[in-house]
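Fold and geometry: a report
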Amino acid sequence: MRAKNIFLAIIVVACLGGVAFAADEPALQITNYSTVPSSVYPGALGYLQITLANKGTAAADTVTAYYNVGGVAQTSSSGSISSGSSAQLSIPFKIPQEAGGSIQLLSVDIYYTYTLTSGGAASKKTSISIPILVLQQSPLEVRTVSTGKMSIAPGEKFDAELELKNTGGVVNNLVITMPQNSTFTIEGSTQKAVGSIAPNSTVKVKIGLVSSSSTAIGTYGVPVLFTYQDALLRPFEETLYVGPLSVLDASAQYRLSLVPSESVEIGSLAQFRLTLQNTGSVAMSATVDINSTDVFMPIGMQKVYFDSVKPGESSAMDITIGVDSGTSAGYYSLPLRLTTSTGQSAVFYTGISVDATPEVTVTLDAQNSQVQIANTGNSNIRSVHAVATSASGAKTDSFIGTLSVDDFATLSLPAGALGSVDVEIRFRDSNNFEHTVKNALQLGQGAGGNSTFRSGGASAGGFAGNAGTGTGGQRSNNPLGFLLGPGGRAAGTQSLGIDPVFLGAGAAVVIVVGYFAYKRWKGKKGAAHPPTSGGQPPVHAQDAERGRKPK
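Calculation rules
Residue positions within a chain follow its written sequence, with the count starting from 1. The predicted nature of this model means local features are confined to residues of pLDDT at least 70 and side-chain atom pairs, given and counted, to a pLDDT of 80 or more, with totals for whole chains, interfaces and linings taken over all residues. Calculated side-chain values reflect all of the structure's heavy atoms, with hydrogen atoms and water omitted. One number per residue, pLDDT, summarises how confident the predictor is, and it ranges from 0 to 100. Think of it this way: any DSSP run of H or I at least four residues long counts as a helix, any run of E at least two long counts as a strand, and we number them from the N terminus. Between two residues, a contact is recorded if the distance between any of their heavy atoms is within 4.5 Å. Each pair of aromatic rings taken from Phe, Tyr and Trp, with Trp reduced to its six-membered ring, is defined by centres within 6.5 Å and is described as stacked if the planes are under 30 degrees apart, edge-to-face if over 60, and tilted in the remaining cases. Between buried and exposed lies partly exposed: a residue is buried under 20% and exposed over 50% of the maximum accessible area for its type, with that area taken using a 1.4 Å probe on protein chains only. Strand pairing follows a simple DSSP-based rule, namely that at least 2 bridges must link the two strands. Axis lines are fitted through C-alpha atoms, for helices just across the contact stretch, and the angle between N-to-C directions can take any value from 0 to 180 degrees. Salt bridges are defined by distance alone: a side-chain nitrogen of Lys or Arg within 4 Å of a carboxyl oxygen of Asp or Glu. Here the nonpolar core consists of buried residues drawn from Ala, Val, Leu, Ile, Met, Phe, Trp, Tyr and Cys, with membership extended through side-chain atoms lying within 4.5 Å.

Let us look at the confidence of the model for the protein. Per-residue confidence for the protein gives a mean pLDDT of 76, with 75% of residues at or over 70. Confidence scores differ between elements of the protein, with strand S34 (residues 458-459) showing the lowest mean pLDDT of 30 and strand S11 (residues 171-177) the highest of 94. Scored below 50 in pLDDT, residues 1-22 makes two contacts in the model with residues more than four places away or belonging to other chains. Segment residues 527-551 is flagged for pLDDT under 50; beyond a separation of four residues in sequence, or across chains, it makes five contacts in the model.

Considering all chains together, one arrives at four aromatic pairs under this definition. Ring centres of Tyr66 and Tyr111 lie 5.2 Å apart, and the angle between their planes is 90°; on these two criteria the pair is classed as edge-to-face. One end of the pair, Tyr66, is in strand S3 (residues 60-69); the other, Tyr111, is in strand S6 (residues 102-115), with 45 residues separating them in the sequence. Look at Tyr66 and you get partly exposed, because its relative accessible area is 40%. For Tyr111, a relative accessible area of 36% corresponds to the partly exposed category. Consider the rings of Tyr228 and Phe236, whose centres lie 5.9 Å apart with planes at 15°: the pair is stacked.

With that settled, the discussion passes to the sheet that holds strand S26 (residues 360-365). Pairing between the strands of a sheet comes from backbone hydrogen bonds, and it takes one of two forms, parallel or antiparallel. Taken together, the three strands give an open sheet; going across it, the order is S26-S27-S30, and neighbouring strands pair in antiparallel fashion. Either end of the sheet is taken by a strand with one partner, and the two such strands are S26 and strand S30 (408-412). When strand polarity is set aside, the average angle formed by the axes of neighbouring strands in this sheet is 25°. In terms of strand pairing, strand S27 (residues 370-375) meets S30 through five bridges, oriented antiparallel. Pairing of Ala374 across the sheet is with Phe408, part of S30.

Time to look at the pattern of salt bridges. Two side chains bearing opposite charge may form a pair once their charged atoms approach each other closely. For the structure shown, the criterion picks out nine salt bridges. Between Asp159 and Lys157 there is a salt bridge, with the nearest N and O atoms lying 3.4 Å from each other. Judged by relative accessible area, which is 32%, Lys157 ranks as partly exposed. Between Asp289 and Lys303 there is a salt bridge; the shortest N-O distance is 2.4 Å.

Another point: the sheet that holds strand S2 (residues 45-54). Taken together, three strands build an open sheet; the order of strands is S1-S2-S5 and the sheet is antiparallel. Two strands lie at the open edges of the sheet, namely strand S1 (28-36) and strand S5 (86-94), each paired on one side alone. For this sheet, the mean inter-axis angle between neighbouring strands, taken without regard to orientation, is 25°. Here S1 runs beside S2; their pairing, made up of eight bridges, is antiparallel. Looking across to S2, one finds that Leu28 is bridged to Asn54.

We now examine the nonpolar core. One finds Leu258 and Leu274 to be the most contacted residues of the largest nonpolar core, which totals 28 residues. For this core, the elements supplying multiple residues, two or more each, are strand S17 (254-260), strand S19 (269-278), strand S20 (284-290), strand S22 (303-309), strand S23 (314-323), strand S24 (330-340) and strand S25 (345-355). Each residue touching Leu274, except ones within four places of it in the same chain, is listed here: Leu256, Ser257, Leu258, Val288, Val304, Phe306, Ser315, Ala316, Met317, Ile319 and Leu336. Core analysis: the second largest hydrophobic core is formed by 25 residues, Leu140, Leu162, Val171 and Ile207 among them.

See the structure below:
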């Protein structure tokens, strides 16, 4: 009986000794871990940071982690971790390039030692596999191959042909939908299923999109939502854009052009071709109102009608527009209002270049010996410079400056100019183009500054210098008309019309005739009354005519 009690006592002591031994052992546990960087992608190099806590009653000595990086075994040590404390281990890792969209497991074995109460040493091991989530860069690319048309109106449909490419990730169960706030919908459905796209491959998809009546006017990409799954069946959503697409007002589905058939000049009736092109998707009719402006006035029709212009086709009509004669040369806009058969309207502005026709007329002022330079064109001219050159080389020149429409200036002829006089006029038009006008003017057979001038074979003022031409070209009945110029008036004489040369010759003839008449009268008087005795003998008539004494 006593032996049995002793045996039980030994067992109790052994158990108490075992409890004491177990309480003095360390116990390492992984309480937390994280990766650097926090988002891990294929091919990335990073660190796994592990937090080790000693939950035992003894210190953990020579703590060492064993792991594998790229097939090479490596270790990392943190020294000792006392009971109730913690420490961090940094373990490097490398993710394979093809691991996108997957979970990579990093296995770590942690060894540590501790001292027994009996004085001996022991070791322990803690193993763990830590998952690393490997993300994938967006592998989906969308390219718009065609939208079927250049532009649409709100409420219209267009067919988009898309090219979907997987650049190297995992794209499974791809579905195309539209964002909730989109003004576009998929024709006849709420979504379009595409399926899976293998890495580094491309598929083409056609999708019909319908715009709502509230679709904003403008040119932009249409947002489309693409939803797919990666290798872990996690859903991904990407908003990619189809286009660009121009959304225009319904009336802007037309293109208006107004092209002149010839140059448009000031004060002219210009012919234009008005062309309406339908770039929409349905046939429509429209009217175009041509409103008058300060420069333009439609002649005849002010409202042009176009009926049933088919999509992609155009219709044209010829119209006449008057250009105001008081307009200066320049570039002007003409508003055109287009109204569709549905009641929508828009205003188009077309630019029209209005040209000027410069014209200078050169005439002669015979009375004042001047050249008149007149602006007979339809726009002002500037930098006017005139030069007159006589046959002898004498010149007169003048810088006139600006000549308004219907304005004129004068240029004096060179002193003593006779025969031909060349007049050269240089000026610039409203477009700053330089022009040169040359005239050869002919002077009549007058004397000095009172000569009659003629330009281009027509009388330019005064008298033409020949009988029957010019003003006062009728001959006179004066018996002495041979002493006068044409029409009984000497050319160049402005008051009496008698040339001084012819007047002097006539006077000489009159004096000679008068002298002989007087001599004859005196001779007859002497014969009727002979001299008395003691006087001179009578003179023979023949001797008197010869002017010599009788023998």
